[in-house]
Amino acid sequence: MYKVTFLINSFSSGGAEKVLNVIINELARQGCETEVICLEKNNFYKLPKEVKVTYLSNLTGNESGVKKMLYLPIFAWKLKNYIKKDNIDLIQSHIYRANFVNILAKILGSKHKVQIVSNSVVSRYKKEGFSGKINLLLVKYLYPKADVVIWKSFGMKNDVNKFINFQNKQYIINNPYEIEKIKNLSNEKVDFGFDESKIYLVSVGRLIKLKRNKDVVRALKYLPQNVEILFIGNGKEKENIKNLSKALGLKKRVHFIGQVENPFKYISKCDIFIHTSETEGFPNVIVEALACGLPVVSSDCLSGPREILAPHSDINKQLGFNDDIEIAKYGILFPIGNVEKLSKAVNFLIENKELYNRYKYLSLQRAKVFSVDKIIEKYKRVLFEKDNFK
């Protein structure tokens, strides 16, 4: 029986945490002995009862950025000792801090093999002030010391390789999705009063500046009066988004569902999925929306949306602010932050029923490309160090 060990910050409600949860559940279902080491205790996702979970601290992950940085060598030392005690040969880590700790443990003398999975583009740190500079330095110094680096998209790999000369093994493995489970959950009843005379847009994710949620609210001004938006998720920008909707006289057209255990039952009952992010890794919400049968309108951000919605296009291409919308095979792309083009894309879908219906038909087909049974085989080849990885 194969045994695998994963390292992650915690199992809070983020996208990377959800992905690892899916991977672990599938490996456990296939009979793999699986262990998870968490830096902190913050559990939103539930793991199978047979999976061993170890916590390196009683922290929650809500501590300051400075404290999190200071704890990196402490976590690394604890991990090194734990690896020696349990005779662990290989650890695959997910998310930046866990990746740093995994590599630091090896630098401190651990003999294990280090695999790291990066969950977002590295260049995002260029815009994040002092903490961003620290993270960039850590990536530049530590990532090349890993045995294997896994990127979730070609966009992520191309982004980091522009300014770091990697010599280690690199693989592209997209995120896995439990398509049938999503479809089943999407059929559950909701506690929101959908009106058949209205058209509902839906946006899912943290309400933070990076996600540019305000762009959807501003776009409502240029859309028909019967178009409304549902935000699923919470975050620091929630009050600012509420205030903007009031200031623009759009309060009744903007709805906040909050963070829910089953977002799919809401997504499936909406009409168009909207994604406005400034940057991504491999956005789970787009594939999940496709699995729910929704046409997608997304910003052409780095990275992920183009690879999902326009897979045969040049992945290095990115729409500039003044470019027009792109009618791709599986959805519509618009320039980041261009509210006029966002509203144009939505209007285009509303007015072109043939295109709308084609996207609805193709959405599930596209989502199945990322089904967990296909993606898990790629992870297994890397985890079990098989040479036939493609």
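Placed above this text is the structure.
Keep in mind that what you see is a predicted model, and the values were worked out from it rather than measured.

Novice: How would you explain the side chain of H94 if you had to name every residue and give the values?
Specialist: Inspection of the secondary structure assignment puts H94 in strand 4 (residues 90-94). Reaching out from H94, the side chain makes a polar contact with the side chain of Q92 at a distance of 2.9 Å. The contact partners of H94, leaving out residues within four places of it in the chain, are F6, L7, I8, N9, L20, I23, N99, V117 and Y379.

Novice: Pulling in residues and values, what's your account of the environment of E385?
Specialist: Looking at the element boundaries, E385 is found in the segment after helix 15 (372-383). Taking relative accessible area as the criterion, E385 reaches 44% and is therefore assigned partly exposed. For the pair formed by E385 and A367, sequence separation is 18 residues and the distance between their alpha carbons is 27 Å. Leaving out residues up to four positions away in the same chain, E385 has contacts with L90, K113 and K380.

Novice: Run through the packing of helix 1 (residues 15-29) against helix 15, naming residues and quoting values.
Specialist: Angle between the axes and distance between the axes are the two parameters that describe a pair of packed helices. Following both chains from N to C, one finds helix 1 and helix 15 inclined at 85°, their axes separated by 10 Å at the closest point. Taken as axis vectors, helix 1 and helix 15 run roughly perpendicular relative to one another. Each of V22, I23, E26 and L27 in helix 1 lies in contact with helix 15, whose residues at this interface are V372, I376, Y379, K380 and L383. For the contact of helix 1 with helix 15, the per-class residue count stands at 7 nonpolar, no polar and 2 charged.

Novice: Describe in detail the pairing of strand 12 (residues 296-299), supporting the description with residues and values.
Specialist: Alternating residues of strand 12 divide into V296 and S298 and V297 and S299, and every residue in both groups is buried. Where strand 11 (residues 272-275) meets strand 12, 3 bridges bridge the pair, whose relative direction is parallel. Bridge pairing in strand 12 links H275 to S298. Here strand 12 runs beside strand 14 (residues 332-334); their pairing, made up of 3 bridges, is parallel. Across the sheet, the residue bridging to S299 is F334, located in strand 14.

Novice: Any chance you could break down the sheet that holds strand 5 (residues 113-118) for me, citing the residues and the numbers?
Specialist: In spatial order, the strands read 3-2-1-4-5-6-7; together these 7 strands make up an open sheet with parallel pairing. The strands lining the two open edges of the sheet, one partner per strand, are strand 3 (52-55) and strand 7 (169-172). Direction aside, the axes of adjacent strands within the sheet are offset by 20° on average. As paired strands, strand 4 and strand 5 are joined by 5 bridges and run parallel to one another. Paired with Q92 across the two strands is Q115, which belongs to strand 5. In the packing of helix 3 (residues 72-86) onto the sheet, contacts are made with strand 1 (3-8), strand 2 (33-38), strand 3 and strand 4, and the angle to strand 2 comes to roughly 155°. Against the sheet, helix 6 (residues 154-161) engages strand 5, strand 6 (148-151) and strand 7, with an angle of about 145° to strand 7.

Novice: Could you give me a rundown of the sheet that holds strand 13 (residues 326-327), with the residues and numbers involved?
Specialist: Strand order in this open sheet of 7 strands is 10-9-8-11-12-14-13, and the pairing throughout is mixed. Two strands close off the open sheet at either side, each with one partner strand: strand 10 (254-258) and strand 13. In the sheet, strand 8 (residues 199-204) pairs with strand 9 (residues 227-232) via 6 bridges, with the strands oriented parallel. Looking across to strand 9, one finds that L201 is bridged to I229.

Novice: I'd like to hear about the pairing of strand 5, residue by residue, with values.
Specialist: Of all 6 residues making up strand 5, 5 are buried, and the element is well covered by its neighbours. Taking the sense of rotation as the criterion, the β-α-β connection linking strand 4, helix 4 (residues 96-107) and strand 5 turns out right-handed. Across 4 bridges, the pairing between strand 5 and strand 6 is parallel. Note that in strand 6 the partner of V117 across the bridge is I150. The parallel pair strand 5 and strand 6 is bridged by helix 5 (residues 129-142), and the resulting crossover is right-handed.

Novice: Please provide a residue-by-residue account of unusual backbone geometry, values included.
Specialist: Cis geometry marks the peptide bond from L302 to S303; its omega dihedral reads 0°. Take S303: it is sitting in the loop between strand 12 and helix 12 (305-309). Positive phi is not limited to glycine here, since I95 has a value of about 85°. Position of I95 among the secondary structure elements: in the loop between strand 4 and helix 4. We classify I95 as buried; its relative accessible area is 11%. One non-glycine residue, R212, lies in the positive phi region at around 55°. Within the secondary structure, R212 sits in the loop between strand 8 and helix 8 (214-220). Its relative accessible area of 26% is what places R212 among the partly exposed residues.

Conventions we followed
Residues numbered from 1 in each chain as written. Predicted model: local features only at pLDDT ≥ 70, side-chain atom pairs only at ≥ 80, totals over all residues. Heavy atoms only, no water. Helix = DSSP H or I, 4+ residues; strand = E, 2+ residues; numbered from the N terminus. Polar contact = N/O pair within 3.5 Å; in protein donor to acceptor, adjacent residues only side chain to side chain. Contact = heavy atoms within 4.5 Å. Buried < 20%, exposed > 50% of the residue type's maximum accessible area, 1.4 Å probe, protein only. Axes fitted to C-alpha atoms, helices over the stretch in contact; angles between N-to-C directions. Parallel < 35°, antiparallel > 145°, perpendicular 65-115°, else oblique. Nonpolar A, V, L, I, M, F, W, Y, C, P; charged D, E, K, R; others polar. Pairing = 2+ DSSP bridges. Right-handed = clockwise from strand over helix to strand, strands pointing away.

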